[in-house]
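Report on the structure
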Amino acid sequence: MSILSKSRICPETGLFFDDQAEKLIKWNAVTGVVFLLVGGAFGVLMALTRWTEVHILPADWFYLLLTAHGLDALIVWIIFFEMAVLYLASSTLLKVRLAAPKWAWLGYWLMLIGAVITNVMVLEGDSSVMFTSYPPMKAHPLFYLGIIIFAVGALIGTFCFFGTLVLAKEQKTYEGSLPLVTFGALTAAIIAVFTIASGAIILVPTLLWSLGYIAHIDPLMYKTIWWAMGHSSQQINVSAHVSIWYLIAAIIFGAKPLSEKVSRMAFLFYIFFLQLASAHHLLVEPGLSSEWKIFNTSYAMYLAVLGSMIHGLTVPGSIEAAQRKKGFNKGLFEWLRRAPWGNPVFSGMFMSLVMFGFLGGITGVIMGTEQINIIMHNTLYVPGHFHATVVAGTTLTFMAISYFLVPVLFRRELWLPGLAKWQPYIYGLGVAGISVFMMAAGTLGVSRRHWDNNFADATLGFDYPAAAHMFLALNGLSGLLAGLGGASFCIIMVGTILWGKKKGDVAATEPAPAPEPAVHQAGSAGSIAVPGTFVLALIFLGSFILYYYVNWKYLSEVWLLS
Amino acid sequence: MAIHPPETKIWWKEPVHSIEIWWVLIALVWSLIMFVMMPYWHVYGEQNLSNEAYRVDPEYFGEKVEDMVKKYTIREEGDTGIPVVAPPVGSDVFLLARLWEWYPILELKKGEKYRLHLSSMDWMHGFSLQPTNINLSIHPGYDFVVTITPTESGKFSIICNEYCGIGHHTMAGRMYVTDK
Ligand code: HEM
Ligand SMILES: [Cu+2]
Ligand SMILES: [Cu+2]
């Protein structure tokens with residue numbers, strides 16, 4: 001530990017907080033939540049507009065706010081929060097001061113300035129190009145510039161994370177290998193560097209093109225490189241939220257990974273194979289060969305998917321092992337029944353795990369199958385899928401860990417704990433609804449990013465089947481529920497920071513003992529079997545196989561293409 | 001715990017529990033099966049995209065469309081003035097996307113093959129044939145060739161499902177398929 005920096009040990013959790021790191025974690029997390037509030041509110045308006053009978057926004061506002069929703073929710077909220085996670089996983093978990101805090105602050109401000117610039121451009125109305133901004137459609141140059149500035153900020157923050165790891169190694173603040181959570185965060189950070197590099201390769205020329213210095217940007221080239229950023233960034237999210245699953249399992253249950261080796265290997269798969277995933281978005285483009293599509297869309301034979309399936313076993317498995325150790329041994333599922341379902345840190349995390357796997361994971365792999373993509377590309381199935389991954393998965397996980405972090409960081413008790421108990425369920429149910437109903441409408445062919453379900457102004461009209469309108473109405477209702485849950489979260493967080501009961505600064509010198517690791521045995525071989533988790537995993541696999549072949553069946557019914 | 005360095009320093013030599021090993025193996029097998037399904041479908045399935053595409057000048061593509069329209073127009077669609085074109089079975093058929101229409105209206109025969117060429121005159125568009133639900137991405141400057149065989153007859157719509165500006169939701173075209 002450096003003597004130059006101020007730091008404290010949290011009296012309740014025994015966690016180490018470097019003064020600068022703590023401030024940065026607070027600011028990044030809170031800024032993220034503000035953008036979540038804004039982005040989420042726009043999301044509710046989207047859902048209400050797509051509800052045929054409600055259709056609340058005019059067309060120009062729908063496309064404008066859809067652009068803002070994608071940017072603020074997917075990019076700004078998540079990446080700000082990820083910066084907080086990186087600082088936590090490095091400085092706090094390795095008990096070392098943050099490397100180059102001044103740079104980290106510079107990164108923070110660049111991100112904020114960039115996000116504000118891009119938002120202003122979108123809200124001014126001449127940059128409704130969606131967050132993907134495919135050329136030849138052109139946005140205001142400052143739209144691209146804002147994103148670039150934001151990305152530079154994020155890159156600086158990522159390097160402060162790397163620097164902190166180096167510092168910890170030099171100062172020998174830990175022994176042996178990095179903790180698994182930090183290792184996962186490292187995975188996320190490595191992927192982030194790749195992601196941001198791809199972003200720079202494509203957005204800098206696009207900026208120049210929007211300024212008139214470059215005559216032409218090939219749309220297919222743009223899309224290929226843009227998605228090297230766009231899809232990899234989802235791999236950052238997955239690495240980050242899976243790390244937090246392990247973190248929550250550790251702090252709530254004292255759970256130890258079943259096997260360090262297997263879990264780390266699963267993270268490594270993410271790094272090895274992620275570059276390929278851009279192809280998911282290019283399966284029905286002209287000019288790319290099937291061989292290229294198949295190899296890339298499957299991340300070289302689905303090895304990154306394998307990584308996720310492994311975490312899907314090992315995260316709940318580590319919880320099961322810890323619970324059984326505590327004596328919850330009856331039957332297959334007593335460990336799960338007796339879990340703290342009233343604690344939003346746990347309930348949020350566990351729901352996220354289940355929904356990410358069942359709703360997000362299965363559908364993503366299916367949609368990313370070269371031929372099956374033909375019946376899903378750009379339908380509402382796509383946003384249905386990624387609301388399960390990025391909202392039910394990443395966002396809900398980040399909410400769950402916030403219930404732990406915010407009281408610890410701000411030294412205050414949770415405001416409205418009664419509401420907090422219910423919030424993950426309200427939000428989780430709402431998000432499950434928007435995912436499932438958008439996918440249902442997508443299966444019936446309903447287009448994404450589309451203002452008019454009735455095609456009222458089209459010369460050649462078209463009607464969707466009645467069921468599609470029903471699913472869109474259910475999507476609207478679920479959106480309201482998710483909006484309620486999201487607003488509750490923001491209120492609880494802001495309320496905790498402003499009005500939560502102050503915790504005394506007592507015992508600040510005497511760190512509470514860290515909870516006993518539940519599984520003492522090294523590795524899982526000697527430890528407790530996890531039959532309950534295995535059964536859950538088999539149920540997952542069964543659903544996966546079934547739904548996978550159902551979609552091949554759907555595909556086989558469409559016109560012949562060759 | 002996951003927030004501490006591994007307890008055993010040499011963690012990579014720890015034995016792994018059989019449940020974990022089994023799951024990794026099962027998941028690996030499933031991953032490989034899913035991988036093989038795609039090449040399998042190329043051989044035995046009947047819904048595969050061709051790898052045929054050419055760079056094309058939008059103007060040239062527009063001329064090809066006009067040629068086809070001149071030769072094979074059979075009627076106009078109601079009072080819209082949009083030509084309905086019935087090109088010969090097996091021929092090269094052209095469909096263009098532009099802000100905000102699909103042009104022209106094609107009339108094809110059920111069970112017959114056509115080489116459908118798709119391209120955009122301006123921005124990206126999304127070819128979404130409904131209610132059949134075939135979705136393709138249409139770029140300016142690329143001639144996307146798909147050999148297509150309608151398997152049902154009737155009136156179909158082509159909607160645009162790639163956001164293409166403020167008129168995007170008005171961009172709907174039509175296609176007819178007649179019984180032989
Ligand atoms: C209250 C919660 C939310 C609701 C009700 C909601 C609803 C929607 C709806 C209805 C769409 C538009 C679908 C379309 O017409 O194409 C959409 C798009 C999208 N949402 Fe959300 N959403 C919510 C939260 C989030 C969050 C938290 C994230 C990210 C973490 C997110 C990411 C996105 C993205 C990336 C798009 C695609 C934008 C585009 O197509 O350009 N949403 N959302
Ligand atoms: Cu269009
Ligand atoms: Cu469009």
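Below or above, wherever it landed, is the structure these notes cover. (Residues numbered from 1 in each chain as written. Chains lettered and ligands numbered in written order. Predicted model: local features only at pLDDT ≥ 70, side-chain atom pairs only at ≥ 80, totals over all residues. Heavy atoms only, no water.)

**Thoughts on the coordination of the copper ion (ligand 2)**
All names here are of chain B.
- Taken together, the protein ligands of the copper ion (ligand 2) are His125 (ND1), Cys160 (SG), Cys164 (SG) and Met171 (SD), with distances of 1.9 to 2.5 Å.
- Coordination at the copper ion (ligand 2) is tetrahedral: its 4 donor atoms span angles of 95 to 130° at the metal.
- Taken in chain order, the donor set of the copper ion (ligand 2) reads H-x34-C-x3-C-x6-M.
- A separation of 2.6 Å is found between the copper ion (ligand 2) and the copper ion (ligand 3), which are bridged by cysteine 160. (Donors = N, O, S within 2.8 Å, 3.2 Å for Na, K, Ca; no water. Tetrahedral: all angles 85-135°; square planar, octahedral: opposite > 155°, others 65-115°.)

**A word on the pairing of strand E3 (residues 82–85) of chain B**
Residues and elements named next belong to chain B.
- Alternating positions in E3 separate into two faces, Ile82 and Val84 on one and Pro83 and Val85 on the other, with burial throughout.
- Relative to E3, strand E2 (residues 73–77) is paired through 4 bridges, and the arrangement is antiparallel. Within E3, the residue paired with threonine 73 across the bridge is valine 85.
- Between E2 and E3, which pair antiparallel in sequence order, lie 4 residues; one of them, glycine 78, sits at a positive phi of approximately 50°.
- Where E3 meets strand E6 (residues 105–109), 2 bridges bridge the pair, whose relative direction is parallel. Directly across from valine 84, in E6, lies its bridge partner isoleucine 105. (Buried < 20%, exposed > 50% of the residue type's maximum accessible area, 1.4 Å probe, protein only. Helix = DSSP H or I, 4+ residues; strand = E, 2+ residues; numbered from the N terminus. Pairing = 2+ DSSP bridges.)

**Some details on the pattern of salt bridges**
- Applying the stated criterion to the full structure yields 18 salt bridges over all chains.
- With a shortest N-O distance of 3.9 Å, glutamate 162 of chain B and lysine 223 of chain A are connected by a salt bridge. In this pair, glutamate 162 of chain B is assigned in the loop between strand E11 (154–160) and strand E12 (172–178) and lysine 223 of chain A in helix H6 (residues 219–253), connecting two distinct chains.
- For the salt bridge of glutamate 320 of chain A with arginine 324 of chain A, the shortest nitrogen-to-oxygen distance reads 2.8 Å. A residue pair is termed a helical-turn pair when its members lie 3 or 4 positions apart in one helix, as glutamate 320 of chain A and arginine 324 of chain A do in helix H9 (residues 299–325) at 4 residues.
- Glutamate 320 of chain A sits in the buried class, given a relative accessible area of 0%.
- When its relative accessible area of 7% is taken as the criterion, arginine 324 of chain A is described as buried.
- Overlapping salt bridges bring together Lys223, Glu285 and Arg449 of chain A together with Glu162 of chain B as one network. (Salt bridge = Lys/Arg side-chain N within 4 Å of Asp/Glu carboxyl O.)

**A word on the coordination of the iron atom of ligand 1**
Residues and elements named next belong to chain A.
- Distances from the iron atom of ligand 1 to its protein donors, namely His69 (NE2) and His387 (NE2), fall within the range 2.0 Å.
- Relative to the metal, the 6 donor atoms surrounding the iron atom of ligand 1 lie at angles of 84 to 179°, and the coordination shape comes out octahedral. One end of the pair, histidine 69, is in helix H2 (residues 59–94); the other, histidine 387, is in helix H12 (residues 381–410), and 318 residues separate them in sequence. Residue histidine 69 shares its accessibility class with histidine 387, and that shared class is buried.

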